Amino acid sequence: MGFYKVDYEILDFLKKDGMHTDSVLEFGSQDKREDRHGHAIAQRISAQEVYKEYGFSYYRCIDIDNAYECCLPYDLGQNLREHYGFNEVFDVVTIKEIGHWIFDQKTLFENIHNCTKGNGYIIWRSPIVGGFSAGCFAYMPNKMLQLCFCNDYLYKGAWIYEEFLGQNAKFGRYNQGNVVKIGEYSAKNFLNDIEKYYEHTNSYRFSHSLYGEYLCRLTMVFQKPAGGGGKFIAPFFPYVSAKEAIVRNAKSVLKNCLPKVVDNRIAIFGTKQAAFLAFCFARACSLNILCFIDDYNEDAFYMGKPIVKWEQFVHLCNQCDFILCGPYQKGDLSRADNIIFVATLDMRWFY
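Note that the structure is a prediction, hence the values are computed from the model and not measured.

Asks: Explanation requested: the side chain of Lys143 in the structure shown.
Replies: Tracing the chain through its elements places Lys143 in helix H5 (residues 141-150). Asp346 provides the closest opposite charge to the buried, unpaired Lys143, separated from it by 12 Å. Sequence-distant contacts of Lys143, defined by excluding residues within four places in its chain, comprise Pro235, Phe236, Phe237 and Tyr351.

Here's what the structure looks like:
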């Protein structure tokens, strides 16, 4: 648990984004492990000192080690409101390198949600690969993204890096790779950017396990909606129908992953199952559907909307914000290049 060079970068990023600096709560008594330039700090110093530099006037942390005066010795596996009567809310809530130790994950994320103000930021970091001696869990990035969507958070960005921990040294020698910012402009590219990240050939994961332990850490930043977002909602697992999952996350996916809606009109590609799911998504988002595009369907209407061939749609495309494709849609839409944007739903955003 610590505050590193990357954390300065993240706070600089959020400061430009309009972050309020009244209050910050850290899950875990975070230590200042590096300075702004990445130089290691040997003595134990609370990360509170860094937040003071950024103008935060109120700092608390929660950790059963009770390491600092500002530390509350609470169990993060307990509901903080119900068990401790802790009802404070903060502009920034961080949980870095500690969440994977907590067995009751639903309660943990509910605590994070409850402690964050409307318009406040959540900074989360944990291993997603490796680190088998560094906690109870490694997280799936798609589940973290779904957690963002089903609670109507705004995805703000993510940072990823690798470490190789020295043998027999819990807090000893380690090598840290370069930090890479991924999914910079929207959550749309987040999962694909992680896959691309693992294509680089100089990864520490090729190092021999006899010399230490490999792990990859992911930091994600979310912003809670202005109204607070209501009660915490856990992500779906794949036992629900695709329609149910798509409808629940629809508005947040539209906000985080798809082009900005201007005229509030779209066209949907196809008239099969993928198009039906796109239709359910559009209806949940209150998007008006101009038409369905299908060269091979001779029917006049689908789901109460006209079916047009591509040659007809070319004359209508200026009436639409974009073409929407449902998940796993196989049709070729390369002919839409330079004419209209094509947005495709990714089932990994839903479950």
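Asks: Looking at this structure, how should I read the nonpolar core?
Replies: Nonpolar side chains in soluble globular proteins tend to end up buried together. Of all hydrophobic cores here, the largest spans 74 residues; its most connected members are Phe27 and Phe281. If we skip the residues at most four places from it in the chain, Phe281 touches Ile246, Ala250, Val253, Leu254, Leu258, Leu324, Leu345 and Phe350. In terms of nonpolar packing, the next biggest core, distinct from the first, is built from 25 residues, Tyr8, Tyr51, Tyr121 and Ile123 among them.

Asks: Help me out: how do you make sense of the packing of helix H7 (residues 242-257) against helix H8 (residues 273-284) in this one?
Replies: Two numbers describe a pair of packed helices, the interaxial angle and the distance between the axes. Remark: H7 packs on H8, axes separated minimally by 8 Å, with the N-to-C direction vectors making an angle of 50°. With respect to H8, the axis of H7 lies oblique. Between H7 and H8 the crossing geometry is right-handed. Along the contact surface, H7 presents Ala242, Lys243, Ile246, Val247, Ala250, Lys251, Val253 and Leu254, while H8 presents Phe276, Leu277, Cys280, Phe281, Arg283 and Ala284. Among the residues making up the contact of H7 with H8, the classes are represented as 11 nonpolar, no polar and three charged.

Asks: What's the story with the packing of aromatic side chains in this structure? I'm lost.
Replies: To describe a pair of aromatic rings, you give the distance between the ring centres and the angle between the ring planes. This structure, assessed with the given rule, holds 19 aromatic pairs. The interplanar angle of 35° and the centroid separation of 5.8 Å between the aromatic rings of Tyr51 and Tyr59 together place this pair among those described as tilted. In this structure, Tyr51 and Tyr59 share a single accessibility class: buried. With centroids separated by 5.1 Å and ring planes inclined at 90°, the aromatic side chains of Trp124 and Tyr139 adopt a geometry described as edge-to-face. Here the residue Trp124 occupies a position in strand S7 (residues 116-130), and Tyr139 occupies one in the loop between S7 and H5, the gap between them amounting to 15 residues. Accessibility assignment for this pair places Trp124 and Tyr139 in one class, buried.

Asks: Help me out: how do you make sense of H5 in this one?
Replies: Side chains three or four residues apart in an α-helix point the same way, a direct result of the helix having 3.6 residues per turn. A large share of H5 lies buried, amounting to 10 of its 10 residues. For H5, every residue scored as buried is listed here: Pro141, Asn142, Lys143, Met144, Leu145, Gln146, Leu147, Cys148, Phe149 and Cys150. Where H5 ends, the next residue or the one after it, Asp152, has phi of about 60°, a positive value.

Calculation rules
- One numbering rule holds for all chains: residues counted from 1, following each sequence as written.
- Only residues with pLDDT of at least 70 are given local features in this predicted model, and only at 80 or more are side-chain atom pairs given and counted; all residues enter the totals for whole chains, interfaces and linings.
- Each side-chain value is derived from all of the structure's non-hydrogen atoms; neither hydrogens nor water enter the calculation.
- Labels follow the DSSP assignment, with helices taken as runs of H or I lasting at least four residues and strands as runs of E lasting at least two, numbered in each case from the N terminus.
- The buried label goes to any residue with under 20% of its type's maximum accessible area, the exposed label to any with over 50%, and the partly exposed label to all in between, with areas taken from a 1.4 Å probe on protein chains only.
- We treat Lys and Arg as the positive residues and Asp and Glu as the negative residues; His and chain ends play no part in the count.
- Every case where a carboxyl oxygen of Asp or Glu lies within 4 Å of a side-chain nitrogen of Lys or Arg is listed as a salt bridge.
- In what follows, residue pairs with any heavy atoms lying within 4.5 Å of each other are defined as contacts.
- We call a set of buried Ala, Val, Leu, Ile, Met, Phe, Trp, Tyr and Cys residues a nonpolar core when their side-chain atoms join them within 4.5 Å.
- Fitting a line to C-alpha atoms yields each axis, with helices limited to the stretch in contact; the angle taken between N-to-C directions then spans 0 to 180 degrees.
- What sets the label is the angle itself: under 35 degrees gives roughly parallel, over 145 gives roughly antiparallel, 65 to 115 gives roughly perpendicular, and the rest give oblique.
- Throughout, a crossing is termed right-handed when the near helix is turned clockwise from the far one, and left-handed when it is turned anticlockwise from it by less than a right angle.
- Three classes are used, and their members are as follows: Ala, Val, Leu, Ile, Met, Phe, Trp, Tyr, Cys and Pro are nonpolar, Asp, Glu, Lys and Arg are charged, and the others, Gly among them, are polar.
- Note on aromatic contacts: the rings of Phe and Tyr and the six-membered ring of Trp form a pair at centre separations within 6.5 Å, being stacked when their planes are under 30 degrees apart, edge-to-face when over 60 apart, and tilted otherwise.

Structural measurements only, silent on function.
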